[in-house]
Protein chains: 2
Amino acid sequence: MRELIKRVLQGDEERSAVEIAGWVRTRRDAKGFSFLEINDGSCLSSLQVIVDDGVPGSEQVKDMLTGSSVRVTGDLVTSPAKGQKWEMRATEVKLVGAAPEDYPLQKKRHSLEFLREISHLRPRTNLHGAIFRTRSRLAQAVHRFFAERDFVYVQTPIITASDCEGAGEMFRVTTLDAEKGGKAEEDFFEKAAYLTVSGQLEGETFACALSNIYTFGPTFRAENSHTSRHAAEFWMIEPEVAFCDLEGDMDLAEEFVREMVREVVKEMTEDFALFSKFVDKGLEPRLRQVLEKPFKRITYTEAVEILEKSGRQFDYPVSWGDNLQSEHERYLTEEHFKCPVTVYNYPRSIKPFYMRQNEDDKTVAAMDLLVPGIGELVGGSQREERYDRLKKAMDDHGLSEGYDWYLDLRKYGSVPHAGFGLGFERLLMFVTGVANIRDVIPFARTPGNCEF
Amino acid sequence: MRELIKRVLQGDEERSAVEIAGWVRTRRDAKGFSFLEINDGSCLSSLQVIVDDGVPGSEQVKDMLTGSSVRVTGDLVTSPAKGQKWEMRATEVKLVGAAPEDYPLQKKRHSLEFLREISHLRPRTNLHGAIFRTRSRLAQAVHRFFAERDFVYVQTPIITASDCEGAGEMFRVTTLDAEKGGKAEEDFFEKAAYLTVSGQLEGETFACALSNIYTFGPTFRAENSHTSRHAAEFWMIEPEVAFCDLEGDMDLAEEFVREMVREVVKEMTEDFALFSKFVDKGLEPRLRQVLEKPFKRITYTEAVEILEKSGRQFDYPVSWGDNLQSEHERYLTEEHFKCPVTVYNYPRSIKPFYMRQNEDDKTVAAMDLLVPGIGELVGGSQREERYDRLKKAMDDHGLSEGYDWYLDLRKYGSVPHAGFGLGFERLLMFVTGVANIRDVIPFARTPGNCEF
């Protein structure tokens with residue numbers, strides 16, 4: 001019975017008849033024996049296997065080139081080599097699938113651009129193996145975080161006829177002939193349908209029934225962006241809590257971010273060490289700060305004052321009423337406070353219709369959580385629960401039709417409620433130091449790019 | 001600080017100054033006090049609250065109609081009433097959001113059809129609250145099951161240019177004007193793109209790097225089906241395991257199904273009791289059987305023999321080489337074996353190109369797991385890992401272009417591997433007894449139906 005190398009390496013005593021399987025990373029031949037480095041992707045480390053000449057199957061060793069797959073049975077023994085606790089002395093080896101000499105992932109450094117072109121093979125590299133193990137572990141930690149707090153996971157629809165923010169270009173979903181076109185009423189859903197940009201509005205309907213809910217699913221933007229931070233398809237986490245105000249919302253967001261960072265720093269130590277050493281030297285101190293320092297909270301108005309007084313020349317001028325730009329957000333979190341900062345109470349004019357209006361009549365109960373190296377990681381708000389105010393805001397935004405169900409939540413036992421959205425890939429970039437979103441998505445979708 | 005009713009009811013001693021919030025299910029007025037049944041969706045049970053006249057806020061009690069939202073502080077005391085351990089004596093009540101007399105969810109039985117039309121309110125009912133809590137719990141259990149077994153969660157792409165099976169109608173994803181149409185090369189991805197029908201092929205690339213992986217995400221079918229078992233958008237679970245053959249695959253599928261059933265029967269006792277009592281009287285014995293009896297395994301050829309010898313008149317005749325129909329599958333699992341049955345080694349001609357060809361040259365290493373009440377719950381196979389055979393099968397299916405990356409897996413260190421797919425909604429229908437897929441999806445998408 002095959003064991004994963006991760007488990008084998010965690011052992012605490014020598015034992016025999018251990019069976020592993022994986023892919024050869026490198027082979028070195030010596031007089032009378034060969035070394036094989038075998039990786040099975042279950043962890044970053046490979047297992048070093050010593051194959052003595054004459055062991056059953058050893059005649060195949062010369063064909064065990066980099067990339068080939070093998071099965072090995074042997075004895076797990078303490079390794080005399082530095083940097084590894086265990087090695088295996090093979091009692092039997094078997095070549096399962098050969099790899100030719102031109103296997104693209106020979107042992108050398110490859111550019112991230114080249115690796116994107118072979119996205120089907122790059123999880124076999126150290127870096128992408130680590131990234132995608134971390135992605136998985138973090139996704140599982142998201143579910144655990146919410147499960148432990150009695151949140152109900154809701155799978156909100158991917159195909160939708162409504163547009164959460166009135167902002168953001170949407171993809172059309174259709175069974176009409178895309179070349180010739182046709183009438184919406186003849187389409188599959190008998191009207192125009194799109195890929196969702198957010199599950200928030202549907203999530204609110206569930207929070208107003210089950211109290212604490214969250215979504216975690218794919219969302220889409222048909223924006224023609226070619227930056228390192230935008231993808232057409234990405235995953236989003238959106239909790240929504242009934243009987244919760246902005247303060248409770250900020251508490252939850254901060255606790256969530258800290259827990260996710262803890263998961264990576266404390267539980268993914270081997271992969272995290274790789275990111276810290278090879279991807280971003282500033283990563284470890286930055287994340288340690290997140291774990292150790294309390295987060296800072298300031299109002300948008302205070303943020304503007306700090307930026308105005310900073311004496312810094314920003315590319316975009318700072319002015320009350322304008323959106324904070326990435327450079328402003330990063331100044332606040334990286335230079336001024338040197339820790340994560342939650343900015344709240346934003347001008348109403350720059351925020352979506354559903355946010356709760358504050359008594360000053362100028363701001364809404366919105367919040368953004370900013371982190372060093374990234375800027376905005378979380379955006380959330382308390383939602384407008386007062387029917388009349390929401391109805392007016394929707395009318396002002398031209399959203400009068402098709403949202404009766406959303407208004408119903410304010411008609412039937414309305415409750416204060418709040419939530420936030422967090423882009424999962426942005427979180428991954430924050431905890432791994434990886435700078436391009438295309439490198440943390442298994443098969444990234446960007447304008448002109450839908451391979452695999 | 002508000003506590004969830006679920007937690008309050010789990011308490012083991014009387015205590016004071018407990019704060020809850022939720023929605024009024026019913027109110028009964030008596031001389032000098034009122035009873036409120038309050039539900040917050042955290043569990044099926046409501047908390048009974050006694051509000052004495054004169055308690056702060058009690059003047060609002062007359063407006064606390066069914067559906068209105070309230071906050072209550074009070075003392076948790078042992079209840080003299082039958083069927084409940086705890087009740088609350090309010091020390092303060094507050095009406096948060098009123099509900100009018102025409103609130104659609106008055107205390108009476110509503111048809112499932114009516115509730116579908118108010119999908120934004122139906123999670124407030126006992127039945128749908130239970131369904132969606134179970135859906136959440138089961139989804140979280142899926143992740144836990146795989147995490148415990150060192151499987152890496154891979155989020156395979158939703159938008160794709162390839163078609164996993166060459167079967168199944170697909171939705172087109174486009175930014176072209178759907179009314180007027182346009183050329184594929186002018187579309188967002190510069191070619192035709194679709195919503196995925198399966199993440200399997202992309203999942204295989206990750207299994208051939210990280211060993212054990214699974215996907216859990218939305219998949220789509222643009223089929224004009226109006227049955228109670230088809231939806232255009234549903235979630236699928238697809239594990240894929242390197243160095244695994246068909247037998248290992250069947251072991252994993254059976255273990256998975258049993259674990260999911262155990263989760264519902266043993267951990268969701270309150271909601272499960274509701275399903276057993278009000279949805280399907282046969283549910284509990286059926287699921288107990290799954291937990292207690294070993295699953296049966298037979299070849300497709302044996303299945304055909306059993307069906308031929310059964311003496312039953314089926315609507316569709318049974319003949320070696322044809323697909324098993326739902327009636328055949330249900331006969332095998334419900335009547336002949338009376339337990340889940342895994343059927344394997346299907347005729348090659350009725351299965352997709354990627355399944356591993358058996359030595360008999362007639363069958364492939366495919367398997368379907370059949371369960372009582374549903375029929376096929378899981379479909380899987382060992383994948384063809386031999387380059388030449390796979391290439392020929394793909395050529396025979398006209399899949400020569402655009403799949404080089406899939407063939408690469410057989411060129412570079414190919415390994416035997418196997419996996420399966422399981423429709424999450426079908427699993428939910430199996431464990432809840434709910435007969436229509438529209439009732440286990442938060443907002444179902446079917447032909448002509450894309451509301452909310």
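It should be emphasised that the depicted structure is a prediction, and the values quoted were computed from it without experimental measurement. (Residues numbered from 1 in each chain as written. Chains lettered and ligands numbered in written order. Predicted model: local features only at pLDDT ≥ 70, side-chain atom pairs only at ≥ 80, totals over all residues. Heavy atoms only, no water.)

**Q** Which parts of the structure should I look at to understand the pairing of strand β14 (residues 363-371) of chain A?
**A** Side-chain direction in a regular strand flips from residue to residue, so the side chains alternate between the two faces of the sheet. Counting buried residues along β14 of chain A, 9 of its 9 residues qualify, which places the element largely inside the surrounding structure. Where β14 of chain A hands over to strand β15 (residues 375-382) of chain A, the hairpin turn is made up of 3 residues, of which G373 of chain A adopts a positive phi near 90 degrees. (Buried < 20%, exposed > 50% of the residue type's maximum accessible area, 1.4 Å probe, protein only. Helix = DSSP H or I, 4+ residues; strand = E, 2+ residues; numbered from the N terminus. Pairing = 2+ DSSP bridges.)

**Q** How do you make sense of the environment of G182 of chain A when you look at a structure like this?
**A** By the secondary structure assignment, G182 of chain A is in the loop between β8 (172-174) and β9 (193-195). Once you skip the residues sitting within four places of it in the chain, G182 of chain A turns out to touch L176 of chain A together with A178 and E179 of chain B. (Contact = heavy atoms within 4.5 Å.)

**Q** How should the side chain of N358 of chain B be read in this particular structure?
**A** Residues and elements named next belong to chain B. Along the chain, N358 falls in the loop between β13 (341-347) and β14 (363-371). Classification of N358 by relative accessible area gives buried; the value is 15%. Side chain to side chain, N358 and T363 meet in a polar contact 2.9 Å long. Not counting chain neighbours up to four residues away, the residues in contact with N358 comprise N345, T363, V364 and A365. (Polar contact = N/O pair within 3.5 Å; in protein donor to acceptor, adjacent residues only side chain to side chain.)

**Q** Please clarify how the sheet that holds strand β1 (residues 15-30) of chain B should be interpreted in this entry.
**A** By definition, the strands of a sheet pair up through backbone hydrogen bonds, in either a parallel or an antiparallel sense. All names here are of chain B. Taking strand neighbours around the barrel as the criterion, the 5 strands line up as β1-β2-β3-β5-β4 in a closed arrangement whose pairing is mixed. Averaged over all pairs of adjacent strands, the angle between strand axes in this sheet comes to 50 degrees, irrespective of strand direction. Two strands pair when backbone bridges link them, and strand β3 (residues 47-52) and strand β5 (residues 86-97) are joined in this way by 2 bridges, in the parallel orientation. Residue pairing for β5: I50 is matched across the bridge by R89. (Axes fitted to C-alpha atoms, helices over the stretch in contact; angles between N-to-C directions.)

**Q** Explanation requested: the pattern of salt bridges in the structure shown.
**A** Charged atoms that come close allow side chains of opposite charge to pair. By the definition in use, this model includes 70 salt bridges over all chains. Note that E451 of chain A and K191 of chain B form a salt bridge whose closest N and O atoms lie 3.1 Å from each other. Note that E451 of chain A is positioned in the segment after α12 (424-432) and K191 of chain B in the loop between β8 (172-174) and β9 (193-195), a pairing that runs across two chains. On the basis of relative accessible area, E451 of chain A is assigned to the partly exposed category, the value being 36%. Bridged by salt links that share partners, the residues R137, R144, E263 and E267 of chain A form one connected network. (Salt bridge = Lys/Arg side-chain N within 4 Å of Asp/Glu carboxyl O.)

**Q** Teacher, can you tell me more about the sheet that holds strand β13 (residues 341-347) of chain A here?
**A** Residues and elements named next belong to chain A. Pairing within the open sheet is mixed, and its 8 strands lie in the order β6-β10-β11-β16-β15-β14-β13-β12. Strand pairing shows two members of the sheet lacking a second neighbour, β6 (152-153) and β12 (296-299), which therefore form its edges. One ladder, built from 6 bridges, connects β14 with β15; its direction is antiparallel. From the neighbouring strand, D368 faces β15, where its bridge partner is G379.

**Q** Any chance you could explain helix α9 (residues 326-336) of chain B here in plain terms?
**A** Owing to its 3.6 residues per turn, the α-helix brings residues three or four apart onto one side. Residues and elements named next belong to chain B. The set of residues buried in α9 consists of H328, E329, Y331, L332 and T333. In this structure, the buried side of α9 is in contact with α8 (300-309), β13, β14 and β15 (375-383). Phi turns positive one or two residues past the end of α9, at K338, with a value near 55 degrees.

**Q** Just to check I follow, could you spell out the interface of chain A and chain B for this structure?
**A** When the parts of a complex come together, some accessible area is lost, and that lost area is often taken as the interface size. Contact residues are listed per partner, giving 111 residues for chain A and 111 residues for chain B. When chain A packs against chain B, close to 8700 Å² is buried across both sides, 62% of that on carbon and sulfur atoms. When residues of chain A are sorted by the area they lose upon contact with chain B, Q155, F243 and Y412 of chain A head the list and together hold 9% of the total. Linking chain A to chain B there are 6 salt bridges. Where chain A touches chain B, the interface holds 51 residue pairs in polar contact (both at pLDDT 80 or more). Tallying contributions element by element places helix α3 (residues 126-148) of chain A first for the side of chain A that touches chain B, with 9 residues. Within the side of chain A that touches chain B, the residues separate by chemical class into 57 nonpolar, 30 polar and 24 charged. In the sheet, β8 of chain A pairs with β8 of chain B via 3 bridges, with the strands oriented antiparallel. Bridge pairing links R172 of chain A to T174 of chain B in β8 of chain B. (Buried area = accessible area lost by both parts, 1.4 Å probe. Nonpolar A, V, L, I, M, F, W, Y, C, P; charged D, E, K, R; others polar.)

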